[in-house]
Number of protein chains: 2
Amino acid sequence: MQKKYTIYDIAKLSGFSPKTVARVVNNEGNVAKDTEEKIKSVIDRLGYTPNTYAKNLKIKKDKTILLSIRTTNGFPLQWMQMIIEQVGIICLEKGITVLVEYFYDEENLEKSMISKSVNYLDGVILFYEEENDVRISALRARNIPFVVFERAYDNSVRYVSNNNYQVLYSVFDSLCQKGLSGVELLLRSDTLVNRDRVNGVVDAFKSHGLDVSNVKITYGIGNAESAYSHILKEHEQGDMKEVFFISGDERAIGVYKAFEELGIKIGEDVSVIGFDDIPLSSYISPGLSTIRPAYYDLAKNLVLMLIPEDGNDEDHIVVPASFIKRDSLQKKFM
Amino acid sequence: MQKKYTIYDIAKLSGFSPKTVARVVNNEGNVAKDTEEKIKSVIDRLGYTPNTYAKNLKIKKDKTILLSIRTTNGFPLQWMQMIIEQVGIICLEKGITVLVEYFYDEENLEKSMISKSVNYLDGVILFYEEENDVRISALRARNIPFVVFERAYDNSVRYVSNNNYQVLYSVFDSLCQKGLSGVELLLRSDTLVNRDRVNGVVDAFKSHGLDVSNVKITYGIGNAESAYSHILKEHEQGDMKEVFFISGDERAIGVYKAFEELGIKIGEDVSVIGFDDIPLSSYISPGLSTIRPAYYDLAKNLVLMLIPEDGNDEDHIVVPASFIKRDSLQKKFM
DNA sequence: TTGAAAGCGATACCAC
DNA sequence: GTGGTATCGCTTTCAA
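So, how was this worked out
- Residues numbered from 1 in each chain as written.
- Chains lettered and ligands numbered in written order.
- Predicted model: local features only at pLDDT ≥ 70, side-chain atom pairs only at ≥ 80, totals over all residues.
- Heavy atoms only, no water.
- Contact = heavy atoms within 4.5 Å.
- Buried area = accessible area lost by both parts, 1.4 Å probe.
- Salt bridge = Lys/Arg side-chain N within 4 Å of Asp/Glu carboxyl O.
- Polar contact = N/O pair within 3.5 Å; in protein donor to acceptor, adjacent residues only side chain to side chain.
- Near = heavy atom within 4 Å.
- Helix = DSSP H or I, 4+ residues; strand = E, 2+ residues; numbered from the N terminus.
- Nonpolar A, V, L, I, M, F, W, Y, C, P; charged D, E, K, R; others polar.
- Core = buried A, V, L, I, M, F, W, Y, C linked by side-chain atoms within 4.5 Å.
- Buried < 20%, exposed > 50% of the residue type's maximum accessible area, 1.4 Å probe, protein only.
- Phe/Tyr/Trp six-rings, centres within 6.5 Å; stacked < 30°, edge-to-face > 60°.
- Lys NZ or Arg CZ within 6 Å of the ring centre and 35° of its normal.
- Pairing = 2+ DSSP bridges.
- Right-handed = clockwise from strand over helix to strand, strands pointing away.
- Axes fitted to C-alpha atoms, helices over the stretch in contact; angles between N-to-C directions.

Asker: I tried to follow the interface of chain A and chain B on my own but got confused; where do I start?
Answerer: The figure often quoted for interface size is the accessible area lost as the parts come together. Each partner contributes residues to the interface: chain A has 61 residues there, and chain B has 61 residues. For the pairing of chain A and chain B, the buried interface totals around 6,100 Å² over both sides, and the portion due to carbon and sulfur atoms is 58%. Considering only the side of chain A, the residues that lose the most area to chain B are Tyr53(A), Leu92(A) and Tyr283(A), jointly responsible for 15% of the buried surface there. Applying the counting criterion to the chain A and chain B interface returns two salt bridges. For Glu93(A), the salt bridge goes to Lys111(B), with nearest N and O atoms at 2.5 Å. Counting across the chain A and chain B interface gives 14 residue pairs in polar contact (both at pLDDT 80 or more).

Asker: Please explain the protein's contact with DNA strand C as it appears in this structure.
Answerer: The local shell around DNA strand C holds 25 residues, among which Ile7(A), Ser17(B), Thr20(B), Arg23(B) and Thr35(B) are the closest. Protein-adjacent atoms of DNA strand C, using a 4 Å cutoff, are sugar or phosphate at a proportion of 60%. Between a base nitrogen of DNA strand C and a side-chain N or O atom of Lys58(B), the distance comes to 3.1 Å. Every element with two or more residues in the surface near DNA strand C is listed here: helix H1 (7-14), helix H2 (18-25) and helix H4 (52-58) of chain A together with helix H2 (18-25) and helix H4 (52-58) of chain B. Among the elements that make up the surface near DNA strand C, the one with the highest residue count is H4(A) (four residues). In the surface near DNA strand C, the residues fall into twelve nonpolar, seven polar and six charged.

Asker: Explain the protein's contact with DNA strand D to me, please; I cannot follow it from the model alone.
Answerer: Near DNA strand D, the surroundings consist of 27 residues, among which Arg23(A), Thr35(A), Lys58(A), Ile7(B) and Lys19(B) are the closest. At 2.6 Å from a base oxygen of DNA strand D is found a side-chain nitrogen or oxygen belonging to Lys58(A). Listing elements by their share of the surface near DNA strand D, those giving two or more residues are H2 and H4 of chain A together with helix H1 (7-14), H2 and H4 of chain B. Per element, the largest residue contribution to the surface near DNA strand D is four residues, and it comes from H4(B).

Asker: What should I look at first to understand the nonpolar core in this one?
Answerer: Counting residues in hydrophobic clusters, the biggest one holds 112 residues, and the most contacted among them are Ile65(A), Ile83(A), Phe127(A), Ile65(B), Ile83(B) and Phe127(B). Judged by nonpolar contacts, the second largest core, of 40 residues, contains Ile144(A), Val157(A), Tyr159(A) and Leu109(B).

Asker: I'm lost on the packing of aromatic side chains in this one. Help?
Answerer: We describe a pair of aromatic rings using the distance from one ring centre to the other and the angle between the two ring planes. Within the structure shown, the criterion is met by 16 aromatic pairs over all chains. The interplanar angle of 50 degrees and the centroid separation of 6.3 Å between the aromatic rings of Tyr53(A) and Tyr53(B) together place this pair among those described as tilted. Of this pair, Tyr53(A) sits in helix H4 while Tyr53(B) sits in helix H4, on two different chains. Tyr53(A) gets classed as buried once you look at its relative accessible area, which sits at 2%. Plain terms: the ring middles of Phe127(B) and Phe149(B) are 5.9 Å apart, the flat faces sit at 45 degrees to each other, and that makes the pair tilted. With a gap of 22 residues between them, Phe127(B) in strand S3 (residues 123-127) and Phe149(B) in strand S4 (residues 146-149) connect regions that are remote in the sequence. For Phe149(B), a relative accessible area of 7% puts it in the buried group. An aromatic cluster is defined as three or more aromatic residues linked by ring pairs; in this entry it consists of Tyr53(A), Tyr120(A), Tyr53(B) and Tyr120(B). When the ring centre of Tyr228(A) is taken as reference, the NZ or CZ atom of Lys257(A) above it lies at 5.3 Å.

Asker: For this particular structure, what's the right way to read the pairing of strand S6 (residues 183-186) of chain A?
Answerer: One face of the sheet, then the other: side chains in a regular strand alternate in exactly this way. All names here are of chain A. On S6, burial covers both faces: Val183 and Leu185 on one face and Glu184 and Leu186 on the other are all buried. Summarising the sheet, S6 and strand S7 (residues 215-218) pair through four bridges and their orientation is parallel. When the bridges of S7 are listed, Leu185 appears paired with Ile217. Between S6 and its parallel partner S7, the chain crosses via helix H9 (residues 192-207), and the hand of that crossover is right-handed. Bridge count between S6 and strand S8 (residues 243-246): four bridges; the pairing is parallel. If you follow Leu186 over to S8, its bridge partner there is Ile246.

Asker: Sorry, what's going on with the sheet that holds strand S4 (residues 146-149) of chain A here?
Answerer: Either a parallel or an antiparallel arrangement is found when strands of a sheet pair, and the pairing is made through backbone hydrogen bonds. With mixed pairing, twelve strands are arranged side by side in an open sheet as S11(A)-S5(A)-S4(A)-S3(A)-S1(A)-S2(A)-S2(B)-S1(B)-S3(B)-S4(B)-S5(B)-S11(B). In the strand order of this sheet, the two ends are held by strand S11 (316-319) of chain A together with strand S11 (316-319) of chain B, each with one partner. Sheet twist, expressed as the mean angle between neighbouring strand axes with direction ignored, is 20 degrees. In this sheet, S11(B) lies alongside strand S5 (residues 159-162) of chain B in parallel orientation, the contact comprising four bridges. If you follow Ser161(B) over to S11(B), its bridge partner there is Val318(B). Where helix H5 (residues 78-94) of chain B meets the sheet, its contacts fall on strand S2 (96-103) of chain A together with strand S1 (63-70), strand S2 (96-103), S3 and S4 of chain B, and the angle it forms with S2(A) comes to roughly 80 degrees. Against the sheet, helix H7 (residues 134-141) of chain B touches S1, S2, S3 and S4 of chain B, its axis set at about 170 degrees to S3(B).

Okay, here's the thing in structure tokens:
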């Protein structure tokens, strides 16, 4: 471990004052070309970099945001990784430091950055908000700005979300027009996000004068396995709709496996529609029709909510997603 | 925005000195029970938390590591997310702060934490090291400890890796014993990791006295799409092996799709083996046989290399992976 | 068990 | 263009 140099070391060795060194380091201008070169050469020689802590002590300059990810839902899902990557790229560009934290139980809150670092954090992005989320009360108590991904339970909480209602409405409006008889929605649980999606579908049916009983809603489909066994059971009971919407492309794999075993052809006998458009969706066979969130826009808005640039002051931002048609859709819907 | 309280505010309001407040905040002991209670109540009332920058200025206390992820390889892959999550959980437990950074081109190095924050970082975990990686020279120049995931090009660089050679050797040793005639290895490119894997397979064949020409090596299979089209082309040319090892479960989807179109039955006519054991692998049909890295152990060792606990001083740690047999394996190999 | 005072490494303000 | 100096909030002696 070698000695860490300070601005005073550079000042002494270059023969100028600490303030002038600071001017060079921070590109403040008002420095003679000659002076600048001399100072720079000393800096390079010693490999000096400013001490982050000292720099931010007097006046906080660096921006830092935290991604707080609840992990109780089991395996990390790919859509989240896609947003995280976009957030990372945007923040690198803007010089914002990104922290991540996998929050997995309430007792860990005190170990969390949320509890420890008030002055440190400029904002927090919360994934998987729950009702009465302990993270939110902690953030409020500490006055740390935060934003939730997907519509929040607490309406006073700011969020960025997909246009769940609208995109589902528009997809099913179009399918109804093309003769859709009925659909089953396979969902994890009765969350706000899913309520929006359900309402979109239901309203589309209504707008076509179709009976709402043609929309079958099934909760408890939290992973590919439960999707698989649900379809098998349903087939046995002989109560199947024509189209299956499954909230999460990863889980669609379970639906595919079930239909394959049953000898039912996806894209011919039935249609399957997912949500997320993860990379694998175009490579399973038949290609999975799905709803593609605008990952970059979602990420950008999440960051801007915490570190606003000019006049961003909306509390709720809804980002349009798009429908990607692939072969899992019956011909008549294409 | 409310006023941020300092240790002096707490001292004044509680009637004790800043030092005594510090003793309470940091659980240093040697404080009268009564004093402690009074001070704590003031702290709670005002929601005081220490200023991270001031705390670390005099003597650096907080531990911070950076995950540096190169993104030129396209979509984020799930295995990486699985390691990141484990790293996050381990660090939360240990009170280590985790930064992530998506590094996507050389020019961004100067914006990177690697360049900016010497005093700030206790260590860096590098994903997707390349030959003459600019990140490594920067880290060296700045004397920041780092570790690479998977065997490094530069042998003086510390790394944590899967036991690529050994696990492939052992898998193919067993398959050869059960009558394997030939295998094709579908790989992205000629990296060290893949060389280890290739050598494991080749040595297994040799140890059974089999001709090495039975091991066909194909590079350029970087995603599901290229796997798909490669298999189709190969079938046309009539040059197919019996077993396919594809480096990355996500890409196996392309192989599945191709065989399905060709009417070739995986698990009967051919076998497919992946690497990573991501969640979807058990739900595609037939279930994908694959090699499962010990994600938790990998993560733990990566963290310990940077923040050693007691007597960790190895430079290269190789973590055993395990073979998961599923239905994509022909019966004779089970 | 408690407290006073020096110092960490930058920045900002004001001189020159 | 350049430099002195107080200051940020906490920790660390060292005394009491």
